[in-house]
Every structure is written in C-alpha cells, then in structure tokens.
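Per-entry structural report
For reference, the chains in residue letters:
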Amino acid sequence: MNPFINLGIRHDIVNAISELGFENPTPIQEQSIPVLLTGSNDFVGLAQTGTGKTAAFGLPLLELLDFEENHPQALVLCPTRELCLQITNDIKNYAKHMNNVNVVAVYGGASIQDQLRQIKRGVQIVVATPGRMLDIINRKAINFSQVRFVVLDEADEMLNMGFQEDIDSILSTTPDEKKTWLFSATMPSEVRRIAKKYMDNPFELTMGEKNTGNVNIEHEYYVVRARDKYAAFKRIVDNNPEIFGIVFCRTKIETQEIAESLIKDGYNADALHGDLSQQQRDKVMKRYRERSLQLLIATDVAARGIDVNDVTHVINYSLPDEIENYTHRSGRTARAGKMGVSIAIINSKELGKIRQIERVIGKKFVKAEIPTGFDVCEKQLFALIHKVHKVEVNETQIEQYIPRIMDEFAELSKEDVIKRFASLEFNRFLDYYQNAPDLNAPADDFRRDGERGERGMRDSGGKSEYTRLFINLGSVDEFNRGDLLGYICNNSKISGRTVGKIDVKGVYSFFEVNNGDVEQVMNNFKGVEFKGREVRIEVSGEGTSSPRSGGERREGGYQRREGGGGYRGGGRREGGFNRDRNSGGGNSGGGFRDFSGKTREERPERRRRF
Ligand code: AMP
C-alpha cells in the first residue's frame, strides 16, 4: 500500500501521485501533511526548495476544499511566474482523478484577460504572484471572502523581491479566520515578522537545522586569480563531462557575457536574466529542461523558482551579495533526494565570505583544486569510453557497412582498433590541454595578482586583431548570433574561436574575424547561396573591433559545434574570454556594470550582506 494512504490522503489522489512516481512521502510531507489535514492550524515550514513542499501543502488543500463549490477557497502566493506555473501544474496533476478541481495560475507577463476569464468560470484554488494578483483584486474581478487557506510559498523570496506591501493588501481581502501556511527556505527576521503578523500560534516545522542547507549538497570552493576565473570555470566544467548545471552570476551583464563566451567556445549554454522577455526566458527554460542546454547561466532573480530535477552542479561564478542567496542558489541542485555539488569560484580575498556562508549553512566547504589538463583529459577520455560502451547500435542501418569496416580493420588487432577509436578524441583533448597552466591561485601572491587580473580582463579586449565583415543575412532570415556563428564557421571552414563580435541586424549582419582569416572567409563564401540568394560578404567600412554595444540578443538555438580546434568542437580556448571583456554586451544597452536602470526585480531589499 502506498504510504500516503496512511498519512490520510484519499485513494484517487494517491493514485495520481503514484503515477508521478511518489512512492514514499518526503520528510516534509510526512511531517506536515497530518498537521495540515486538520485544517485548524496556521503553519510555518522551514524547508529548502526541492524537498517536496508543493505536495506538502497541495495534497492537504485537495483534501480540505469543497470542489462542489466554484468560488476561491485557497490562495497560494509565490514569488515568480515559473514557480506559479509549476505549482499550478503540480496541483492539477495531483487532482487528475478528481472531479471539478479548478486551479488557475495568475501571474504577470501573460494575458490578464485569459486569467480573468478562467476566474470567472469558477475556481477553487488560485496560485498567484503578488503583483498580478493585486491587479486583479483592484479590478474587483475576484472575491476572496470565502478563502479558507492562504499559502505563502518561498516567503523569503517574496520579501526579497519587495512584495511585502502587495502581500499585505492581498491578505487584507481574505477573511480573518482563514489559516495561513508559510513556507520559506530561510528564516530572516523579515519572515519571522510576517509570520508573527499573519499567524496565530502557528505550528512550526523545521526540516533540518535552521538555515541549514540540504544535506545532499557538497560544497566546494576553488581559489583562482581573477584573470584565470573563466578558464578555471571552463576547466571545472570540462572535468565534469556529464554536468547539467546552473551557473550564477551577479549581474545581468555578467550573465549575458559568460553565456556568450561559452557559446562561442562551443558549449551548450544560454543566459537567463531579467532583461529577456518572458517569451525568451520561457524558450531558454524549455531548452534547459529538455537538456538541449547543459549550462544555464543565470542571475539570482531570474533563477528563482526554477524547478528542474537532476541539476548536478550549481556554480557560483560570482558569490552572491547576500549570504541567504547562496542557500537559494545551492538549493537548485540535490532535489528530491539526489546528490548535488555547489561550487564557488573565488579569489583569495573572498575566503572570508566562504567562512560566513559555512556558518549560515552549518556545513563546511571542501577546498578543491582546479584539475590539471591531464586530469581533464583522463576524465573526458573515460566519459567517451563509457559512452561508446553504452551507445545503442542501429543494427539494420550499420549492417550494410560492416563488411567494409571489417575489411578496413582486418590488419588490426582488437586492441589496436580500440586504441585508435579512443585516440580519435583523446588526441584532441591532449592537443587542447597540453601545456595547460596550473590555474590554482598561489596562496601568497594572490591579493596583488587578483587586482591585476581583474583589470587585465577588461583591458585585454578591443585590440585591432579583427576585421569587421558585412554579410547580407540577418534576423529576417531567422539567424540569431549563435546560428550565424555556426553558419559562418561551416561555410568558411574557420574555427569559431577566431570569430569575434557578431551583430545581427534585420536584413544584414556584421561579424568580426581574425585579420588572418578574412581571405579564407571571402573565398569560401564565393558561390554560397542561402535559399536561392547569393550570400555576399564584404569588409565593412567601419574597420576593426569596437566595444560591443547593447545589440540584439541571441535567441537560444545553438548546438555544440563539431570539428575544428578545441575539443568542445572548434570554438574553445581558455584565453577566449578576455577579448570582449571591456564591452557593454548583452541587451542591457548600457555601459559595463551600469545599474542605474535597475528594475524592482533587480533591486532586492538588502539583507545579510557579506
Ligand atoms: P518541490 O519541493 O515541491 O518543488 O518538489 C521537488 C521535486 O520532488 C518535484 O519534482 C516533485 O515532483 C518531486 N517530489 C515531491 N514529492 C515527492 C515524493 N514523495 N516522491 C518522489 N518525488 C517527489
């Protein structure tokens, strides 16, 4: 018998969650469901994301509400659109075998009319982000006078995002006798205060120690010089061939730049930040969920509420400004009982921050060493061998070629054949990593070096080693930067690493290539047609590399390139990042680190800072 039955959950719901693979309740479900099912308590649950919170409150709601009535009886408030959709979807899934359960998701950035229509049709559970909810309340389009339960999910995040006043206004429209259930990953004093304000003697449940991170997360830090940070980061990624990670940066600009550099270097990566439209964000998230992206480069705000299982690594490319955010970041891995690694890449001046985080999460970091080039080669080699071992063979398709292949290998022993297959890839790793420097910061000279390195990163861009070329293809031809890079490399047979800035316009684009490659590009594009149209390449009158302006944003869609130089498929090199560092980049449209245009989303109330 499914143990959820023993917790008091009825059969049709248990059947639905069994189909979702819920065989045993998670600890928070085990402890909170019996309490919440009484329907008579306010409740505070201190729990990390990924612990099964949604079912912990969702299942009791399905038990407690009267679904013969079509008016709002429960309101779930959460910080982000992503989480709102996730919760709505989860509850609908739990209620799959129940009748007349109406759950509506209310969030900004989507048609309010659709949401109003759904509300009008009758709804028992409203899952909402505060801003849009308030908008609908102000339009008098919803009646919360019969709400029995309010859930404040990720309460700390909602406060972080400045939703305190909106929450106050929303809750003032609900009856005094409703029960409030609050869930939060951390319990800063602000959350304490709202718990006090809205609740009457709540039942408190702490999963693990207060503010303690998930026990399944290993925390590691690497100390590198600032100038080596990007190379070190890539080496960590390369040393984890199966990585499926989220990389956190501090600003939108940094996020965009790291993502662009990674793409250029041949990685399956993309950026997620607040300057993207909702549609762009959805697209990126879809690709990440589907695993066509291996690395998601995100700001704290944009990554809130991301619920993707099996994230293997969280990488703090930059440490967050506030310690609590480290907990949120690392909580994106090790979900649903899995193991995960949270990595911080720091300079030695930031060691103090690591110690502070350790105190907050109640767990020690392991000091890790940036792997040597040899380590990476070995790791990659065995990942490849493993892949070869596991690959599915299409017997019918390959059969016709087998005699010729056998013929070709007739002279070779099995061992020789294996050696050659392995070398095919391994040689590339070796080429790339031979003479790879030690990237671990020497303990003694770090401070001086860190400062120098930081400046070095920015100063190294903008040299006149590039020529700007015009091409008569652009966004109207459905090219984004990534596509265009692939198209240019494929046709001109140059490596992506020699391509500089790409500026996609409407019917044309500009791209930079190493001066030495101009002739090859021009020659190889001779006679190339795109959809029946001759492709024209010309040297642009504007001369050599200029600082990157806030151009259009690449819209996803770029897969790992094959062939070429580095073993990530052509584009990669450790030094590759520096070239563009002095540029504005991304779609922030402003200068480097210009925060003047911050949105509310990017202006969290300051809490515990380092
Ligand atoms: P949540 O903390 O609610 O976002 O849940 C994290 C993930 O764990 C989600 O993908 C859930 O579908 C999954 N999950 C929640 N409860 C269980 C359970 N009892 N057994 C297996 N998976 C679960």
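Residues numbered from 1 in each chain as written. Predicted model: local features only at pLDDT ≥ 70, side-chain atom pairs only at ≥ 80, totals over all residues. Heavy atoms only, no water.

The line we're drawing: UniProt positions are given in the numbering used here, feature names are shortened, and annotations may be inferred rather than shown by experiment.
The protein chain carries the name RNA helicase in an unreviewed UniProt entry, which gives Mucilaginibacter rigui as its organism. Taken directly from UniProt, the Sequence similarities (unreviewed entry) text for the protein chain runs: "Belongs to the DEAD box helicase family."

1. Digging into the packing of helix α6 (residues 130-138) against helix α8 (residues 164-171)
Defined as follows: For every element, the axis is a line fit to its C-alpha atoms; helices are fit only across the contacting stretch, and the angle between N-to-C directions ranges from 0 to 180 degrees. Helix and strand definitions follow DSSP, with helices as H or I runs of at least four residues and strands as E runs of at least two, each counted in order from the N terminus. Oblique is the label for any angle not covered by the other classes, which are roughly parallel (under 35 degrees), roughly antiparallel (over 145) and roughly perpendicular (65 to 115). The sense of a crossing depends on the near helix, which, turned anticlockwise from the far helix by less than a right angle, makes the crossing left-handed and, turned clockwise, makes it right-handed. In what follows, residue pairs with any heavy atoms lying within 4.5 Å of each other are defined as contacts. As a working rule, the residues Ala, Val, Leu, Ile, Met, Phe, Trp, Tyr, Cys and Pro are called nonpolar, Asp, Glu, Lys and Arg charged, and the rest polar, with Gly in that last group.
Two numbers describe how α6 lies on α8: the axes approach to 9 Å, and their chain directions differ by 40°. It follows that α6 is oblique to α8 by the angle criterion. In this structure, α6 crosses over α8, and the sense of that crossing is left-handed. For the pair formed by α6 and α8, the contact residues are Pro130, Gly131, Met133, Leu134 and Ile137 on the first element and Asp166, Ile167, Ser169 and Ile170 on the second. A breakdown of the residues in the contact of α6 with α8 according to their chemical character gives six nonpolar, two polar and one charged.

2. Here we look at the environment of Leu430
Considering the arrangement of structural elements, one finds Leu430 in helix α19 (residues 414-433). In this structure, the C-alpha to C-alpha distance between Leu430 and Gly373, residues 57 residues apart in sequence, is 8.0 Å.

3. Some details on the packing of helix α2 (residues 27-37) against helix α3 (residues 53-64)
Helix-helix packing is characterised by the crossing angle of the two axes and by the distance between the axes. Where α2 contacts α3, the axes come no closer than 9 Å and their chain directions differ by 25°. Here α3 runs roughly parallel to α2, going by the angle between their axes. Considering the relative orientation of α2 and α3, their crossing is right-handed. Between α2 and α3, the residues in contact are Ile28, Gln29, Ser32, Ile33, Leu36 and Leu37 and Lys53, Ala55, Ala56, Phe57, Leu59, Pro60, Glu63 and Leu64, respectively. Residue composition of the contact of α2 with α3, by class: ten nonpolar, two polar and two charged.

4. Brief notes about the packing of aromatic side chains
Counted only if it meets this: Between 30 and 60 degrees the pair is tilted, below 30 it is stacked and above 60 it is edge-to-face, where a pair is any two Phe, Tyr or Trp rings, Trp via its six-membered ring, whose centres lie within 6.5 Å. To sort residues, take the accessible area from a 1.4 Å probe on protein chains only and compare it with the maximum for the residue type: under 20% means buried, over 50% means exposed, and anything in between is partly exposed. Over a ring means this: the NZ of a Lys or the CZ of an Arg is within 6 Å of the ring centre and within 35 degrees of the ring normal.
Evaluated as defined, the whole model comprises 19 aromatic pairs. Ring geometry for Phe479 and Tyr487: centres 5.1 Å apart, planes at 65°, overall edge-to-face. The buried category is assigned to Phe479, whose relative accessible area is 9%. A residue is classified by how much of its surface remains accessible, and Tyr487, at 14% relative accessible area, is buried. We note Lys229 situated over the ring of Tyr317; from NZ or CZ to the ring centre the distance is 4.8 Å. The lysine or arginine in question, Arg468, covers the ring of Phe510, its NZ or CZ lying 4.0 Å from the ring centre.

5. Looking at the sheet that holds strand β16 (residues 499-504)
Filter applied, for reference: We call two strands paired when DSSP finds no fewer than two bridges between them.
Ordered in space as β16-β17-β15-β20, the four strands form an open sheet in which the pairing is antiparallel. Pairing within the sheet leaves two strands with one partner each, and these edge strands are β16 and β20 (537-539). Each strand axis lies, on average, 25° off the axis of its neighbour in the sheet, ignoring direction. Of the pairings in the sheet, the one linking strand β15 (residues 466-471) to strand β17 (residues 509-514) comprises six bridges and is antiparallel in character. In the sheet register, Phe470 faces β17, and the bridge partner there is Phe510.

6. Here's the deal with the nonpolar core
Counted only if it meets this: We define the nonpolar core as a collection of buried residues of types Ala, Val, Leu, Ile, Met, Phe, Trp, Tyr and Cys that are connected through side-chain atoms lying within 4.5 Å of one another.
Grouped together as the largest cluster of nonpolar side chains are 45 residues, with contacts concentrated most on Phe57, Leu59, Leu62, Ile125, Val127 and Trp181. When residues in this core are grouped by element, the largest group, seven residues, is from α3. Each residue touching Leu62, except ones within four places of it in the same chain, is listed here: Arg10, Ile13, Phe67, Ile91, Tyr94, Ala95, Met98, Val101 and Ile125. Counting residues in hydrophobic clusters, the runner-up holds 36 residues, among them Leu46, Val150, Met161 and Tyr198.

7. A closer look at the site of the ligand
Put simply, the rule reads: Throughout, the term near means that a residue has one or more heavy atoms lying within 4 Å of the molecule or strand in question. Pairing of N or O atoms within 3.5 Å defines a polar contact, subject to two protein rules: one partner must be a possible hydrogen donor and the other a possible acceptor, and residues neighboring in sequence count only if both atoms are side-chain atoms. A 1.4 Å probe and the Shrake-Rupley method give the accessible areas. Residues count as covered only by the protein chains that appear here.
Taken together, 15 residues sit near the ligand, with Asn24, Gln29, Gly52, Thr54 and Asn309 positioned nearest. The backbone of Asn24 places a nitrogen or oxygen atom 2.8 Å from a nitrogen atom of the ligand. Within the complex, the protein chains bury 82% of what would otherwise be the 490 Å² of accessible surface of the ligand. Class assignment for the residues of the shell around the ligand results in four nonpolar, nine polar and two charged.

8. Overview of helix α1 (residues 11-19)
Convention followed: Note that the arc is computed from the directions linking the helix axis to the C-beta atoms.
Along α1, the residues classified as buried are Ile13, Val14, Ala16 and Ile17. Buried residues of α1, viewed axially, fall in a sector of 160°; they line one side. Once α1 finishes, Gly21 follows within two positions and takes phi at roughly 90°, a positive value.

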